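If you want the building blocks of each chain, they are given just below.
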Amino acid sequence: MERASVVFNTIGYILITFLAVLCLLPFLLILTGSFTAESEIIRDGFKIIPNEWSLEAYKAIFRSPEQIVKAYQVTIGLTLTGVVLGLFLTSMAGYVLSRKDFKYRNAISFFIYFTMLFSGGLIPWYILMVKYLGLKDSFLALLLPPLLSAFNVILMKNFMKSIPDSITESAKIDGAGDFAIYWKLILPLSTPGLATIGLFLALGYWNDWFLANLYINTQDKYPLQFLLYRTLASAAVLNTSAAANLSPDFRPPSETLKMAAAIIVTGPIVFLYPFVQRYFVKGLTLGAVKG
Amino acid sequence: MNRKIKNLFSVVISALMVIVLLAACGGNAGNGGKADNQPKTGNTGSPQNEGNVDLSEKVELVWYLLGEPHKDTEAVVAEFNKMLAEELNTTVKLNFTSWADWETKYNLLLSAGERIDMIFASTWANYYKYAAQGAFLPLDDLLPVYAPETWKNVSEQDWKEAKVNGKIYAVPSTYPEYTPDGIVYREDWRKELGLPEIKDLDSIEAYLDGVKREKGVTPINGKAYNEIYTMFRAYYDFQHIGGDSGVVVATSYDTPRDIVAYPFTDEFEEWVKKMRTWAEKGYWNSDTLSSQSEAGDAIKVGTGAVYWRNAPGAGGFIMGQKTDNPDIELAYFPFSRFHNYVMPTLSVQNAMAIPKSAKYPERSLMVLDKLRNDPKYYDLMTYGFEGVHYDISEDGRTIVTPPASRADDPDYANYDIASWGWRVESMQRVKPAGGWPEFDNLLAEFRETSRPNIFAGVMMDYEPVRAEQAAVNAVMQQYGLPLMMGLISDVEKGLETYRKQLEAAGVHKLVDYVKEKANAHFDAIGVK
């Protein structure tokens, strides 16, 4: 190897390692924090390696494991259906809008853009969902709103625009219909775009608690994030004037409990990334058009 | 030909997709609609004669409470519904808002016109504001007919406090409470160090000083703003108007119409100078304003000594430590002793109201009447099942938790939901403040020195001065808090900047507005 590239590689590795450690440290702190004894955190604060290990926080969370399991089921189910359905709808919308022979694509694109800038606001949205669609306490209230976001459609449309027209054209000449072109050619060529939007959707569904907070009343239908967020929210109430009414039995969750909750929620989604990652790296329409 | 078939296929597929989606929504909407319509037809047909209420129609009510359900709430409500179905041909679907972002949710529930037959209401959940905006149903005509017992039992004064523009919009709980601010402190350390008993500001200072010097412990170890700020207000008898009114206060109970912004008073100057010396001596940490830890947590592990609580909250904290850390001895000093009087909370501190969107206000009131006055219902909904959640103690009056059968059950949790809205003092079976023995004495003291609450009832809607209020609050956060905590080395200069910034933010306009509202209220209730 050349001297210059050795120097380059060394510096590169050192820099990347340093950045990686910086990124990992907070996560490690959460992890060990969740295993630390509560009294130690109050006394000395968080440490990377605690003196006193403890499983108390996890014991507290898993005191009623059925509930956690149920919440996991809800969240995983929602995420899977949401991502599959969402990708299908988003890519279809994006594809149609990207086709140059679709006459009103600009008008419709503008229509979609418009909702990104101006929206009815929370209360009209709530009224629509509850009074007209009857979605109170329904899984659909969790599934539908994030399904087709204007931002994702625009992103998809622009991505598909970069696929050369000649591919569509060539397929047409070979006798393929519009859906076949979309399904057999455009979709496979759009994997990087699909992966990006799929990740957005998955994160969106996984992390959502707000929809559940607004629309869900039955405890069995709570997604994971909301289930855990509730305990933290109760702690915040302790510091307001409402506190006077809470019974003395009411205790705020401990610091370690917060950390354990974070681990339980983020754990699975962290593992999702490496699987999706390879699609990002793949080239776009590499070598698809010859001559 | 082939292409045509494929084309057709794609059209059919997409059409199917759309249909499936629409059907999913539509099906649900249909269900919702049916549930809504069914009872409606019955309602219009039922005659409502006074004293002779028609119960022939089966009704499901939708109720909302603030907070979280208990694990067993479902079973308890099922039992409750069984009894209700027999006696009133009614069932209740009990929903909870949960504490997550509850203010937004509460607002949505009331403004979206969703069908709700009864909801928890409170001064701290903006009862007066929502009532004035017409979110609740006026109950004056309904109460004597559908909730006769409650109508009779609740005192005139309590009804008066529930009135907005001359009409009653909620059924207040019958549970007079005193919630003066104060501090919980390590009594064992005070005795050990031979410090004077805490009874005024000087003895508090002596205590803080002793703990800091002899024990080497930061007395208020964590967020200290509440401790210092409530002490400040109580010490000079500055009174907030209509809830938390920020920097705008009445200068004392006896001069309610003398309303000022406290940063401009000489008292404030004197106080922040004192606080500067306290901060320099290290009675709290220099990061106290950004700290996220509760001073109470530090007491638990022996690294703190003082914690702000209101009186019932102090009881809960002290009793909690008695079981967790029995070797720590704690005591409580209510700031009300600075001026030797307390004001009870308003009756609508906790109440049940009926939103405008209710379909069966009459039934809701009938259920509430039962709930408030029949021990069978009251005990079930407030304390859960006997034998599962509690035992009746020997005196036959109070209850014991946990029940003997579950004494060693790690899964046991006190049955506890947001039952404050229907609380009635004579029906209560648990002692207030977690059974803290000292509380009885305190309560006697409070009752003796109680003065009517003339400030809390002022209806403050800051809408017309929202810009000024936001600006003033921002200035208070930026300049006022550090000054209050003695974190600014040059007090004089800091105070000057603070006052200047407040003026620029429009504090005078805010004071004038509060004055106007307060004076109107004082005129109405006959306070000079």
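Residues numbered from 1 in each chain as written. Chains lettered and ligands numbered in written order. Predicted model: local features only at pLDDT ≥ 70, side-chain atom pairs only at ≥ 80, totals over all residues. Heavy atoms only, no water.

(A) Representation of the packing of aromatic side chains in the model. Residues and elements named next belong to chain A. Counted under the stated rule, the structure contains 55 aromatic pairs over all chains. With a centroid separation of 5.9 Å and an interplanar angle of 50°, the aromatic rings of F110 and F114 are classed as tilted. Of this pair, F110 and F114 both sit in helix α5 (residues 105-117), separated by 4 residues, roughly a single helical turn. Residue class for F110 comes out exposed when judged on its relative accessible area of 53%. (Phe/Tyr/Trp six-rings, centres within 6.5 Å; stacked < 30°, edge-to-face > 60°. Helix = DSSP H or I, 4+ residues; strand = E, 2+ residues; numbered from the N terminus. Buried < 20%, exposed > 50% of the residue type's maximum accessible area, 1.4 Å probe, protein only.)

(B) Expanded view of the pairing of strand β7 (residues 181-186) of chain B. Residue and element names in this part refer to chain B. Extensive coverage of β7 is indicated by the burial of 5 of its 6 residues. Where β7 lies against strand β10 (residues 306-310), 5 bridges are found, and the strand directions are antiparallel. Looking across to β10, one finds that D181 is bridged to N310. When β7 meets strand β11 (residues 330-334), the two strands line up antiparallel, connected through 5 bridges. Looking at the pairing, I183 lines up with F333 of β11. (Pairing = 2+ DSSP bridges.)

(C) Inspection of the pattern of salt bridges at higher detail. Applying the stated criterion across every chain, the model contains 32 salt bridges over all chains. In this structure, the salt-bridge partner of E79 of chain B is K82 of chain B, at a minimum N-O distance of 3.6 Å. Residue E79 of chain B and its partner K82 of chain B are located together in helix α2 (residues 73-88), separated by 3 residues, close to a single helical turn. Under the relative-accessibility criterion, E79 of chain B is labelled partly exposed at 27%. A salt bridge links K215 of chain B to E192 of chain B; its shortest N-O distance comes to 2.9 Å. Here E192 of chain B lies in helix α8 (residues 187-193) and K215 of chain B lies in helix α9 (residues 201-215), a separation of 23 residues in the sequence. For K215 of chain B, a relative accessible area of 30% puts it in the partly exposed group. Sharing partners across several salt bridges, the network here consists of R99, D101, K172 and D178 of chain A. (Salt bridge = Lys/Arg side-chain N within 4 Å of Asp/Glu carboxyl O.)

(D) Fine view of a nonpolar patch on the surface. Where nonpolar side chains cluster on the molecular surface, the patch consists of V21, L25, L28, L29, L31, F46, I48, I49 and W53 of chain A and spans about 780 Å² of accessible area. Since its relative accessible area comes to 34%, L31 of chain A is described here as partly exposed. (Patch = residues over 30% accessible without salt bridge, like charges linked within 9 Å, V, L, I, M, F, W, Y side chains within 5 Å. Areas by Shrake-Rupley, 256 points an atom, 1.4 Å probe, with all protein chains shown as cover.)

(E) Up close: the packing of helix α11 (residues 266-280) of chain B against helix α18 (residues 491-505) of chain B. Residue and element names in this part refer to chain B. Where α11 contacts α18, the axes come no closer than 10 Å and their chain directions differ by 135°. With respect to each other, α11 and α18 are oriented oblique. In this structure, α11 crosses over α18, and the sense of that crossing is right-handed. Contacts from F268, E269, V272, K273 and R276 of α11 reach α18 at V491, E492, L495, Y498 and R499. Classifying every residue of the contact of α11 with α18 gives 5 nonpolar, no polar and 5 charged. (Axes fitted to C-alpha atoms, helices over the stretch in contact; angles between N-to-C directions. Parallel < 35°, antiparallel > 145°, perpendicular 65-115°, else oblique. Left-handed = near helix turned anticlockwise from the far one by under 90°. Contact = heavy atoms within 4.5 Å. Nonpolar A, V, L, I, M, F, W, Y, C, P; charged D, E, K, R; others polar.)

(F) Inspection of the sheet that holds β10 of chain B at higher detail. Residue and element names in this part refer to chain B. If you trace the 3 strands from one edge of the open sheet to the other, you get β10-β7-β11, paired in antiparallel fashion. The open sheet has two edge strands, β10 and β11, and neither has a second partner. Across the sheet, the axes of successive neighbouring strands diverge by a mean angle of 30°, strand direction being ignored.

(G) Seen up close, the sheet that holds strand β6 (residues 170-172) of chain B. Residues and elements named next belong to chain B. Strands sit in the order β2-β1-β3-β12-β6 across an open sheet of 5 strands; the sheet is mixed. Strands with a single pairing partner mark the edges of an open sheet, and in this sheet they are β2 (90-96) and β6. Between one strand axis and the next, the sheet turns through 25° on average, direction left out of account. Bridge count between strand β1 (residues 59-65) and β2: 7 bridges; the pairing is parallel. Of the residues in β2, the one forming a bridge with V62 is K93.

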